[in-house]
Amino acid sequence: MNTQRVDVKLVLLGREYSGKTSLVERFVFDRFSCTPYQSTIGNAFVAKRMEAKGKNLTLGIWDTAGSERYEAMTRIYYRGAQAAVVCFDLTENTSFQRAKFWVNELLNCEEHCRVYLCATKADLVGDKMARKVDLHDMHDYAEEMKAQLFETSSKTGQNVHELFQKIADDCAEKLVFTDQTPRGVNITKDAKREMARCCVK
Amino acid sequence: MAAKPVRKGIHVDHSELLCKKGCGYYGNPAWHGYCSKCWREEYSKARHRQIKEDRELAERLQKEEEAAYASSSSSSTTTTSRPIAFSKFEEKKTQEKARKVNTVKKFFTTSKTPSKRSMLLCCPNNFTMVRQHSVESSQAAGEFQEFLKLLRKPAAQDILKRCRACIEGIAVFILLPMFSFQPFNNFAFAGSLPEQVEKTMDNVEKYIMTRLYKHVFCPESTEDEKKDLAIQKRIRALHWVTPQMLGVPINESSPQVIDMVEKAITDIIEMDSKRVPQDKLACITRCSKHIFNALRVSQNEPASADDFLPTLIHVVIRANPPRLQSNLQYITRFCHPNRLMTGEAGYYFTNLCCAVAFIEKLDAQSLSLTEEEFDRYMSGNASPRRPTQEPSSLVDELSACPVLAPLHTNLLDLQELEKQQCQLESNAADLDRALVAWDGSVAQEVANVARKLPPKVQASISSFPLLLAEVAASPSGPLDSEVEDSITLPPPLLPQPAGS
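Residues numbered from 1 in each chain as written. Chains lettered and ligands numbered in written order. Predicted model: local features only at pLDDT ≥ 70, side-chain atom pairs only at ≥ 80, totals over all residues. Heavy atoms only, no water.

### Examining the overall build of chain A
And step 1. A tally of helices and strands in chain A yields 5 helices and 6 strands.
And step 2. In sequence order, chain A lays out its α and β elements as β-α-β-β-α-β-α-β-α-β-α.
And step 3. When contacts within chain A are restricted to residue pairs at least 6 apart in sequence, long-range pairs at least 24 apart make up 73% of them.
And step 4. As displayed, chain A has an accessible area near 10,300 Å², and 48% of this comes from carbon and sulfur atoms. (Helix = DSSP H or I, 4+ residues; strand = E, 2+ residues; numbered from the N terminus. Contact = heavy atoms within 4.5 Å. Areas by Shrake-Rupley, 256 points an atom, 1.4 Å probe, with all protein chains shown as cover.)

As structure tokens, then:
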């Protein structure tokens, strides 16, 4: 199994039918699921190469099952994630309430994880009647949680690339930081015998 | 010993063949030129000298050793040899003893402060070196050597050296409670390509983990084994869970889909047979790929996580993989964390962990059943596949799974058979009762008839059984003629209507 190197773990959270899968699909394959397609076998996990801040990095995008029966297990998914996109449906207020729950969980359990709020299905709220999530509430909440907010539409592609580009940029900064700490040992030289206590660690 | 005589050419002087001691007998090169008798004398002298020296040495060492012990902690005296009067021993034993003392001495001279831990380090190290390696171990070692040939010389040797040190070290530390082992994590190989580093790490992992597998898989210091059994029992109890309950969107009537699900099941069972964490992960990945294929064929569109997880749960329940918990723990402990946290294999592994967690916590609510139904299914009193529901849903179910159809007809046949069996039994009982009643009525009838006849006939009737016995005992002649010949018999009775 040829495993591709992945730099960033990005988790998608959100209720069922909140548009997580469509978001990935629009981003990775630039298409919307109304049209039939053949090439991929699944997009629960996708690795996407991106360029950010002059660096190449690969985003590993983890889709999660949004059904409530798996809620207790969600924590297993976002363990060690560098970034999380919490999706909610603009036409459904309950999905926004669920999103709040996940944001809280993330802030409590994964302090190094950056949280991005993603309001999906923006194309459906052209008329004000369809919008069920108050614009001001949404922005206030994002500000309160210090989370970035994006209003996207997977159908039209609005804001989708902007969202992922932002994530890649933020993560690239972080990667530069960790990459430059020189802890390497040149194995071609006669390395010191410090491995003698390798297992005491 | 005396120097050997110098030989010249093929010719051997006669004097050279004689015993060196000049006793007149012929000597032998095997006995250093002595004859057998002289050689024995010489040899026993040398031996006595040697024994004497050994004894002295042993005694000296003994004293040193005792001194060392006295200076160090007095608690660790379990392995000390006690002072023994050597003169009582035979020569051979003395020699052996001296050797032993020597070895023990060596342990202490290498480390200046002898402690329990250094003992611990020394002994099992020696043990691992003489230990016989398993087939997998030697194979892994061979492969690893092959791989290292591709690397630059000094680097390769260094890696091999480190690995060996690591294996021996860990084999010892297994005796201690659980440890965390990531010896190569803090290494970056300066000047190498990332791919090269990755490859090296993979091979190092393969080598080390194959060699250490026996020690670190499901170690006794953890409760893995207990958990294995628990989850296995749990899955066995959940055999009745249908794909419909889990919301698995696969089409079980298509042979192609069934085939893929079977492959997925095989892969996840195979995981237990692999030794290296990455091989185990590869099994999980293959299993997941088969599931995705099955989903794509069923739905005609790429699957999302919402479809994948329930299907994986379904596969795990059907497969009931051996030592599941141990395998998951092993991978978590020893797989490269980067691979586990970010890569594709890591994603599938996380899903598997999730599936196991779900199975452990599974209750009525998560299958959208009532508590009552759930309890009934769990206790085995009912099965969702048994025709207790209305026929329409049953037919649906049967069409959903062709494997169930023959099972169902067989079940119906068995029920029919059971019904017939019951019928047969009750009929037999009826017949039995009727026979008993008839028996009684016949006896009654006979008694009634007998009462109406004259006393003489009565007597002969009462002796009738006796007579029959006589007839049976008579060795020859047909029954009828015998009876006719008998004079004591009354004339045959004429048939009469029973009512009279």
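### Regarding the pattern of salt bridges
Residues and elements named next belong to chain B.
And step 1. Inspection of the entire model under this criterion finds 19 salt bridges over all chains.
And step 2. Of the charged contacts, one joins lysine 226 and glutamate 223 as a salt bridge, the two residues approaching to 3.3 Å between their closest N and O atoms.
And step 3. Note on glutamate 223: relative accessible area 49%, which makes it partly exposed.
And step 4. Between lysine 263 and aspartate 259 there is a salt bridge, and its shortest N-O distance comes to 3.7 Å. One end of the pair, lysine 263, and the other, aspartate 259, are both in helix 10 (residues 255-270), 4 residues apart, so they sit about a helical turn from each other.
And step 5. Residue classification places lysine 263 among the partly exposed residues on the basis of a relative accessible area of 40%.
And step 6. Taken together, the shared-partner salt bridges connect Asp267, Glu270, Lys274 and Arg286 into one network. (Salt bridge = Lys/Arg side-chain N within 4 Å of Asp/Glu carboxyl O. Buried < 20%, exposed > 50% of the residue type's maximum accessible area, 1.4 Å probe, protein only.)

### A short note on the environment of B:Ile268
Residue and element names in this part refer to chain B.
And step 1. Take isoleucine 268: it is sitting in helix 10.
And step 2. For isoleucine 268, a relative accessible area of 1% gives the class buried.
And step 3. Considering only alpha carbons, one finds isoleucine 268 and valine 316, 48 residues apart in sequence, at a separation of 7.8 Å.
And step 4. Aside from chain neighbours lying at most four places away, what touches isoleucine 268 is Cys287, Val315, Val316, Ala319, Pro321 and Leu352.

### Structural notes on empty space enclosed by the protein
Residues and elements named next belong to chain B.
And step 1. Scanning the model with the defined rule gives 4 cavities of 30 Å³ or more in all.
And step 2. Considered as a void within the structure, the largest cavity measures approximately 50 Å³ in volume.
And step 3. Lining of the largest cavity is provided by Ala140, Glu143, Phe144, Asn203, Lys206 and Tyr207.
And step 4. Mapped onto the lining of the largest cavity, the elements with two or more residues apiece are helix 5 (135-149) and helix 7 (194-216).
And step 5. By residue class, the composition of the lining of the largest cavity is 3 nonpolar, 1 polar and 2 charged. (1 Å grid on protein atoms, 1.4 Å probe; cavity = no way out; pocket = protein on both sides within 12 Å on 5 of 7 lines; lining within 4 Å. Points joined across faces, edges and corners; volume = space filled by probe spheres on them. Nonpolar A, V, L, I, M, F, W, Y, C, P; charged D, E, K, R; others polar.)

### Here we look at unusual backbone geometry
And step 1. Of note in the backbone geometry, A:Lys53 takes a positive phi value of approximately 50° without being a glycine.
And step 2. With respect to the helices and strands, the residue A:Lys53 is situated in the loop between strand 2 (45-52) and strand 3 (55-63).
And step 3. Backbone geometry places B:Asn320, a non-glycine residue, at a positive phi of 45°.
And step 4. By the secondary structure assignment, B:Asn320 is in the loop between helix 12 (305-319) and helix 13 (324-334).
And step 5. A relative accessible area of 17% places B:Asn320 in the buried class.

### So, the packing of helix 13 of chain B against helix 15 (residues 344-361) of chain B
Residue and element names in this part refer to chain B.
And step 1. For the pair helix 13 and helix 15, the least separation of the axes is 11 Å and the interaxial angle reads 140°. Helix 15 is crossed by helix 13, and the crossing has left-handed handedness. Residue-level contacts link Leu324, Gln325, Leu328, Ile331 and Thr332 of helix 13 to Phe349, Leu352, Cys353, Val356 and Glu360 of helix 15.
And step 2. Of the residues that constitute the contact of helix 13 with helix 15, the class distribution is 7 nonpolar, 2 polar and 1 charged. (Axes fitted to C-alpha atoms, helices over the stretch in contact; angles between N-to-C directions. Left-handed = near helix turned anticlockwise from the far one by under 90°.)

### Observations regarding the pairing of strand 4 (residues 83-89) of chain A
All names here are of chain A.
And step 1. Across the 7 residues that make up strand 4, a large majority, 7, are buried.
And step 2. Taking every second residue as pointing to the same face, both faces of strand 4 are buried, with Ala83, Val85, Cys87 and Asp89 on one and Ala84, Val86 and Phe88 on the other.
And step 3. With 5 bridges joining them, strand 1 (residues 8-14) and strand 4 adopt parallel strand pairing. Its bridge partner being in strand 4, glycine 14 is matched across the sheet by cysteine 87.
And step 4. In this view, the connection linking strand 4 to its parallel neighbour strand 5 (residues 114-120) by way of helix 3 (residues 93-109) has right-handed handedness. (Pairing = 2+ DSSP bridges. Right-handed = clockwise from strand over helix to strand, strands pointing away.)

### Overview of the side chain of B:Ser366
And step 1. With respect to the secondary-structure elements, B:Ser366 resides in the loop between helix 15 and helix 16 (371-379).
And step 2. Its relative accessible area of 9% is what places B:Ser366 among the buried residues.
And step 3. A polar contact is formed between the side chain of B:Ser366 and the backbone oxygen of B:Asp363, at a distance of 2.9 Å.
And step 4. Excluding residues that lie within four positions of it along the chain, B:Ser366 makes contacts with A:Arg69 and B:Phe358. (Polar contact = N/O pair within 3.5 Å; in protein donor to acceptor, adjacent residues only side chain to side chain.)

### Description of the sheet that holds strand 1 of chain A
And step 1. Strand order across the open sheet formed by 6 strands is 2-3-1-4-5-6 (chain A), with mixed pairing between neighbours. In this open sheet, the two edge strands, each paired with only one partner strand, are strand 2 and strand 6 (148-151) of chain A. Each adjacent strand pair in this sheet contributes to an overall mean axis angle of 25°, direction not counted.
And step 2. The strands touched by helix 15 of chain B within the sheet are strand 2 and strand 3 of chain A, with strand 3 of chain A carrying the most contacts at an inclination of about 20°.

### Considerations on the nonpolar core
Side chains that are nonpolar tend, in soluble globular proteins, to be buried together.
And step 1. Grouped together as the largest cluster of nonpolar side chains are 67 residues, with contacts concentrated most on B:Trp240, B:Ile313 and B:Leu367.
And step 2. Per-element accounting of this core gives the leading share, 12 residues, to helix 15 of chain B.
And step 3. The residues touching B:Trp240, leaving out its near neighbours within four places in the chain, are B:Met245, B:Leu367, B:Leu369, B:Phe374, B:Tyr377, B:Met378 and B:Pro384.
And step 4. In terms of nonpolar packing, the next biggest core, distinct from the first, is built from 27 residues, A:Ile61, A:Val85, A:Ile167 and A:Cys171 among them. (Core = buried A, V, L, I, M, F, W, Y, C linked by side-chain atoms within 4.5 Å.)

### Some points on the packing of aromatic side chains
And step 1. This structure, assessed with the given rule, holds 21 aromatic pairs over all chains.
And step 2. Aromatic side chains A:Phe45 and A:Trp62 sit 6.5 Å apart centroid to centroid with 70° between the ring planes, which places their arrangement in the edge-to-face category. Pair noted here: A:Phe45 is in strand 2 and A:Trp62 is in strand 3, with a separation of 17 residues, a long-range link.
And step 3. Taking relative accessible area as the criterion, A:Phe45 reaches 8% and is therefore assigned buried.
And step 4. Judged by its relative accessible area of 0%, A:Trp62 is buried.
And step 5. With centroids separated by 5.3 Å and ring planes inclined at 85°, the aromatic side chains of B:Tyr213 and B:Tyr330 adopt a geometry described as edge-to-face. Linking B:Tyr213 in helix 7 with B:Tyr330 in helix 13, this pair joins segments that are 117 residues apart in sequence. Just as B:Tyr213 is buried, B:Tyr330 falls in that class too.
And step 6. Taken together through their ring pairs, the aromatic side chains of A:Phe45, A:Trp62, B:Phe292, B:Phe308, B:Tyr347 and B:Tyr348 make up a single cluster.
And step 7. Positioned above the aromatic ring of A:Trp102 is the side chain of A:Arg98, whose terminal nitrogen or guanidinium carbon lies 5.5 Å from the ring centre. (Phe/Tyr/Trp six-rings, centres within 6.5 Å; stacked < 30°, edge-to-face > 60°. Lys NZ or Arg CZ within 6 Å of the ring centre and 35° of its normal.)

Functional significance is not addressed by these values, which are geometric in nature.
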